Amino acid sequence: MTAAAVTAFALLGDSGGPTAPRALTSEEANRLAVTRFLNYQAGGRAVTITVPNAAGGLVITASVDYRTHTGYGVVRGTGRDTSSDGLIQWTATTVLVHPMADPPAVAPASPPASGWHSRPLQTSGMALDTSLGIALGLGSDRPENAALLGQNGAAWVGRDEVRGHRTDVMNGPDAGTGSSGKAGSSDRAGGSAGGTGGSDEAGTSPTVRYWIGSDGTMYRVQAGVASEPEPVVFDFDDRTYVPVKPVPGLTPAP
């Protein structure tokens, strides 16, 4: 996570030196406008979410279904924070955890039928839940309004390579982070553009950065959350997306 976070502040342009943000070209705005829609169009994506905290942080290896707004995967603690290890499934309203002393590298295709503990997803003040909500918000059932993105401060900030993929890095839609830290779900076209010009400082309106390929594919997202000084990183993996099967008895949020 540290390497990914540092990358956002050491991006390189064509000259090989650090770059300053600039306005998006129309082509870049169009790619940013469709990147979340492409996730939705794909049905879902495999993603690794790195959530910082004072005890060491959490890493969630998951799949997110952007049609049902459901995520499912394995959560592991790093450093001193291993109390949350196990399986996790979540919607926009509910988090289910299945504690395991030695969780697998990837979640079983079919969730266990028992052993789950359910709680409401917290909409503020909890970095894990905010991150889970943001993950659901990285898919949208229609493109953004490209013109509104530019008007509301979206910017190109550099180029980078993510696991062999050349990307443009852009500040863009807040995906539900907002100044309140509220976790969002899928926004309508242009609906999240108001957060595009925010500060990286936690507790304000945090900038969300998108690492986007030449075809609009989303490879990485970095977002500040109000409860943590370090950003959350979402890496969209080259692993094959496995459709999410709900935990028995869990009804996906609409």
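Turning next to the nonpolar core. Core analysis: the biggest nonpolar cluster contains 38 residues, and Ile-49, Ile-60, Trp-90, Leu-138 and Phe-234 have the highest contact counts within it. Put simply, the parts of the chain that give this core at least two residues each are helix H2 (26–41), strand E2 (44–51), strand E3 (58–65), strand E5 (86–90), helix H3 (127–137), strand E10 (208–212), strand E11 (218–223) and strand E12 (232–236). No other element matches the six residues that H3 contributes to this core. Residue contacts for Phe-234: discarding those within four places in its chain leaves Val-47, Thr-48, Ile-49, Ser-131, Ile-134, Ala-135, Leu-138, Tyr-219, Arg-220, Val-221 and Ala-223. Counting seven residues, the second-largest nonpolar core is a separate cluster that includes Leu-87, Leu-96, Trp-116 and Val-247.

Mapped onto the elements, Thr-217 comes out in the loop between E10 and E11. A polar contact is formed between the side chain of Thr-217 and the side chain of Asp-215, at a distance of 2.8 Å. Residue contacts for Thr-217: discarding those within four places in its chain leaves Thr-35, Leu-38, Arg-45, Trp-211 and Ile-212.

On inspection of all chains with the given rule, the structure shows 10 salt bridges. Arg-31 is the partner of Glu-27 in a salt bridge, and the nearest nitrogen-oxygen pair spans 2.7 Å. Of this pair, Glu-27 and Arg-31 both sit in helix H2, four residues apart, which is roughly one turn of the helix. A relative accessible area of 8% means that Arg-31 is categorised as buried. Across the salt bridge formed by Asp-237 and Arg-239, the nearest N and O atoms sit 2.6 Å from each other.

What follows is about the pairing of E11. Side-chain positions along a regular strand alternate between the two faces of the sheet. Burial analysis of E11 places six of its six residues in the buried class, which makes it a mostly covered element. Strand direction decides the pairing type here: E10 and E11, joined by five bridges, are antiparallel. Across the sheet, Ile-212 pairs through a bridge with Met-218, a residue of E11. What sits between E10 and E11 in their antiparallel hairpin is a turn of five residues, with Gly-216 showing a positive phi close to 95 degrees. Bridging between E11 and E12 involves four bridges; their strand directions are antiparallel. Paired with Val-221 across the two strands is Phe-234, which belongs to E12.

This part takes up the environment of Ser-84. Tracing the backbone shows Ser-84 in the loop between strand E4 (70–77) and E5. The class of Ser-84 is partly exposed, set by a relative accessible area of 33%. Each C-alpha atom of the pair Ser-84 and Pro-99 lies 6.8 Å from the other, and the pair is 15 residues apart in sequence. Sequence-distant contacts of Ser-84, that is, excluding residues within four places in its chain, are made with Leu-58 and Val-75.

Ordered by their spatial adjacency, 12 strands build an open sheet running E1-E8-E9-E10-E11-E12-E2-E3-E4-E5-E6-E7, and the pairing between neighbours is antiparallel. What marks the edges here is a single partner per strand, and that holds for strand E1 (22–23) and strand E7 (117–120). Of the pairings in the sheet, the one linking strand E9 (residues 165–172) to E10 comprises five bridges and is antiparallel in character. Its bridge partner lying in E10, Val-169 is registered against Trp-211.

Put simply, the protein chain has an average pLDDT of 80, and 76% of its residues get 70 or more. Long-range and interchain partners of residues 1–10, a stretch whose pLDDT sits below 50, account for 18 contacts in this model, where long-range means more than four residues apart. Scored below 50 in pLDDT, residues 177–205 shows 88 contacts in the model against residues more than four places distant or in partner chains.

This next bit is on the pairing of E10. With five of five residues buried, E10 is to be regarded as a mostly interior element. By the alternation rule, side chains of E10 split into Val-208, Tyr-210 and Ile-212 and Arg-209 and Trp-211, which are all buried.

This next bit is on the packing of aromatic side chains. Inspection of the entire model under this criterion finds zero aromatic pairs. Positioned over the ring face of Tyr-40 is Arg-67, at 4.6 Å from the centre of the ring. Against the face of Trp-211 rests Arg-220, its NZ or CZ located 5.7 Å from the ring centre.

Take H2 next. If you check H2, its first and last C-alpha atoms are 22 Å apart, about what 16 residues at 1.5 Å a residue would give, namely 22 Å. Helix geometry: H2 is bent most strongly at Thr-35, by close to 35 degrees. Turning to H2, its buried residues number three or more, namely Glu-28, Ala-29, Arg-31, Leu-32, Ala-33, Thr-35, Arg-36 and Asn-39. Of the residues flanking the end of H2, it is Gly-43, one or two places downstream, whose phi is positive at about 95 degrees.

What counts and how
- Residues numbered from 1 in each chain as written.
- Predicted model: local features only at pLDDT ≥ 70, side-chain atom pairs only at ≥ 80, totals over all residues.
- Heavy atoms only, no water.
- Core = buried A, V, L, I, M, F, W, Y, C linked by side-chain atoms within 4.5 Å.
- Buried < 20%, exposed > 50% of the residue type's maximum accessible area, 1.4 Å probe, protein only.
- Helix = DSSP H or I, 4+ residues; strand = E, 2+ residues; numbered from the N terminus.
- Contact = heavy atoms within 4.5 Å.
- Polar contact = N/O pair within 3.5 Å; in protein donor to acceptor, adjacent residues only side chain to side chain.
- Salt bridge = Lys/Arg side-chain N within 4 Å of Asp/Glu carboxyl O.
- Pairing = 2+ DSSP bridges.
- pLDDT = per-residue confidence, 0-100.
- Phe/Tyr/Trp six-rings, centres within 6.5 Å; stacked < 30°, edge-to-face > 60°.
- Lys NZ or Arg CZ within 6 Å of the ring centre and 35° of its normal.
- Expected span 1.5 Å × (residues − 1).
- Bend = angle between axes of the 7 residues up to and from the residue.

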